[in-house]
Amino acid sequence: MNIKTQALLVHFLTATGAVFAMLAMLAAVEEKWSMMFLWLVVAFAVDGIDGPLARKYHVKKNAPLFDGELLDLIIDYLTYVFVPAYALFKSGLLPGWTGWIAIIIITFASALYFAIATMKTEDKSFLGFPGCWNMVVIVLFAIEPGYWFILGVTTFLAVAMFLPLKFVHPTRTKRWRAVTLPVALGWVFFAGWAAWVDFDPQSWAHWGLVASSVYLVLAGIVQQVVPERS
């Protein structure tokens with residue numbers, strides 16, 4: 001198989017995320033939340049794989065017909081933002097007007113953030129919360145906090161999209177990558193496990209999901225506070 005075919009197949013792999021987004025949405029419409037999150041976890045795994053493959057096979061050079069970055073952003077908005085926001089709204093975790101506020105904040109702020117050309121820092125981290133609402137919402141489903149807590153977290157993270165706060169990229173941020181990448185893989189495992197057991201509150205998956213999420217949210221901010229040793 002020649003390099004151009006391999007590069008084209010990477011685009012095809014990225015495009016499967018749209019299929020997984022639709023499958024997740026169909027499950028969400030039927031309020032099959034565990035199945036929805038399982039599809040979103042699959043989409044998240046694909047999103048973690050296609051980037052390194054795109055760089056390995058130089059898709060911009062070898063398969064220039066498709067804009068891989070644009071394709072990735074379209075699918076990310078579906079799987080990271082649109083489907084999770086719908087699930088949060090329909091789940092009953094946010095009653096009445098609070099659900100409307102949350103979906104408006106999430107979808108509006110994320111649309112603006114995804115259009116920012118300078119969302120990456122020099123070390124390939126994200127500048128501002130990168131709109132990973134799929135990761136946030138699955139944790140909220142697992143721990144089921146009060147609606148004021150959910151609304152507070154949603155509002156803070158939406159504002160954090162436009163603050164000079166750094167959030168690590170699991171595969172591209174070199175600093176602490178030896179820790180960050182295993183933690184990110186652990187998050188995928190725990191997220192899939194939590195959804196598989198239908199968010200059973202007795203499952204240890206919840207603790208792993210919360211712990212890995214806290215690390216991924218705070219690691220970049222801590223890196224800003226603690227200077228790297230030369």
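For the structure given in this document, a descriptive report is provided here. Note that the coordinates shown come from a computational prediction; the quantities given were computed from them, not determined experimentally.

**Re the overall build of the protein**
Helix and strand counts for the protein come out as nine helices and two strands. Beginning at the N terminus, the succession of helices and strands in the protein can be written as α-α-α-α-α-β-α-α-β-α-α. Against the compact-globule benchmark of 17 Å for 230 residues, the protein has a radius of gyration of 18 Å, which places it among compact chains. Viewed in the frame of its principal axes, the protein has a C-alpha envelope of about 50 × 45 × 35 Å. A buried classification covers 45% of the 230 residues belonging to the protein. Taking the intrachain contacts of the protein between residues at least 6 apart in sequence as the baseline, contacts between residues at least 24 apart amount to 77%. As presented, the protein carries roughly 12,300 Å² of accessible surface, and 71% of it is formed by carbon and sulfur atoms. For the protein, the separation between the mean place of its 15 positive charges and that of its 14 negative charges on side chains is 12 Å.

**A few points about the packing of helix H1 (residues 3-29) against helix H4 (residues 68-90)**
Viewed as axis vectors pointing N to C, H1 and H4 meet at an angle of 15°, and their least axial separation amounts to 9 Å. Overall, the two elements H1 and H4 adopt an arrangement that is roughly parallel. Here H1 runs over H4; the crossing is left-handed. Residues His11, Thr14, Ala15, Gly17, Ala18, Ala21, Ala24, Met25, Ala28 and Val29 of H1 pack against Gly68, Leu71, Asp72, Ile75, Leu78, Thr79, Phe82, Val83 and Tyr86 of H4.

**Topic: the side chain of Ser125**
Along the chain, Ser125 turns up in the loop between helix H5 (97-114) and strand E1 (126-127). Within polar-contact distance, the side chain of Ser125 engages the side chain of Thr173 at 2.8 Å. Dropping the residues within four chain positions of it, Ser125 is found in contact with Met119, Lys120, Lys166, Phe167, Val168, His169 and Thr173.

**Some points on the packing of H1 against helix H2 (residues 33-56)**
Closest axis-to-axis distance for the H1/H2 pair is 8 Å, and the angle between their directions is 165°. One element, H1, and the other, H2, form an angle in the roughly antiparallel class. In the crossing of H1 with H2, the sense of the turn from one axis to the other is left-handed. Taken together, the residues of H2 that come into contact with H1 (itself represented by Val10, Leu13, Thr14, Thr16, Phe20, Leu23, Ala24, Ala27 and Ala28) are Trp33, Met35, Met36, Trp39, Leu40, Val42, Ala43, Val46, Ile49, Asp50, Leu53 and Ala54. Of the residues belonging to the contact of H1 with H2, the class tally is 18 nonpolar, two polar and one charged.

**So, helix H7 (residues 147-160)**
The end-to-end C-alpha distance of H7, which contains 14 residues, comes to 20 Å, matching closely the 20 Å that a straight helix rising 1.5 Å per residue would cover. Regarding H7, the residues found buried are Ile150, Leu151, Thr154, Leu157, Ala158 and Ala160. Of the surrounding secondary structure, the elements contacted by the buried residues of H7 are H4, H5 and helix H6 (133-143).

**A short note on the nonpolar core**
In terms of nonpolar packing, the biggest core is built from 56 residues, with Met36, Phe37, Leu88, Phe129, Trp133 and Trp187 touching the most fellow members. Elements that contribute at least two residues to this core include exactly H1, H2, H4, H5, H6, H7, helix H8 (177-196) and helix H9 (205-225). Ranked by residue count, the leading element in this core is H6, at nine residues. If near-sequence neighbours (up to four positions away) are discounted, Trp187 is found in contact with Phe44, Met135, Ile138, Leu209, Ser212, Ser213 and Leu216. Listed in part, the five residues of the second largest apolar core include Val10, Tyr57, Val59 and Ala63.

**Some remarks on the pattern of salt bridges**
Between side chains of opposite charge, a pair can form as their charged atoms come close. Applying the stated criterion to the full structure yields three salt bridges. Among the salt bridges present, the one from Glu69 reaches Lys60, with a minimum N-O distance of 3.1 Å. Accessibility assignment for this pair places Glu69 and Lys60 in one class, exposed.

**Section: the side chain of His206**
Along the chain, His206 turns up in helix H9. Relative accessible area serves as the criterion here: at 6%, His206 is assigned to the buried category. Setting aside residues up to four positions removed in sequence, His206 forms contacts with Ala142, Ala194, Phe199, Asp200 and Pro201.

**Looking at the environment of Tyr113**
Examined against the element boundaries, Tyr113 turns out to sit in helix H5. Those residues in contact with Tyr113 that lie beyond four places of it in its chain are Met119, Phe126, Leu127, Gly128, Phe129, Pro130, Met161 and Phe162.

So, how was this worked out
- Residues numbered from 1 in each chain as written.
- Predicted model: local features only at pLDDT ≥ 70, side-chain atom pairs only at ≥ 80, totals over all residues.
- Heavy atoms only, no water.
- Helix = DSSP H or I, 4+ residues; strand = E, 2+ residues; numbered from the N terminus.
- Rg over C-alpha atoms; globule rule 2.2 N^0.38 Å.
- Buried < 20%, exposed > 50% of the residue type's maximum accessible area, 1.4 Å probe, protein only.
- Contact = heavy atoms within 4.5 Å.
- Areas by Shrake-Rupley, 256 points an atom, 1.4 Å probe, with all protein chains shown as cover.
- Lys, Arg positive; Asp, Glu negative; His and termini not counted.
- Charge placed at Lys NZ, Arg CZ, Asp CG, Glu CD.
- Axes fitted to C-alpha atoms, helices over the stretch in contact; angles between N-to-C directions.
- Parallel < 35°, antiparallel > 145°, perpendicular 65-115°, else oblique.
- Left-handed = near helix turned anticlockwise from the far one by under 90°.
- Polar contact = N/O pair within 3.5 Å; in protein donor to acceptor, adjacent residues only side chain to side chain.
- Nonpolar A, V, L, I, M, F, W, Y, C, P; charged D, E, K, R; others polar.
- Expected span 1.5 Å × (residues − 1).
- Core = buried A, V, L, I, M, F, W, Y, C linked by side-chain atoms within 4.5 Å.
- Salt bridge = Lys/Arg side-chain N within 4 Å of Asp/Glu carboxyl O.

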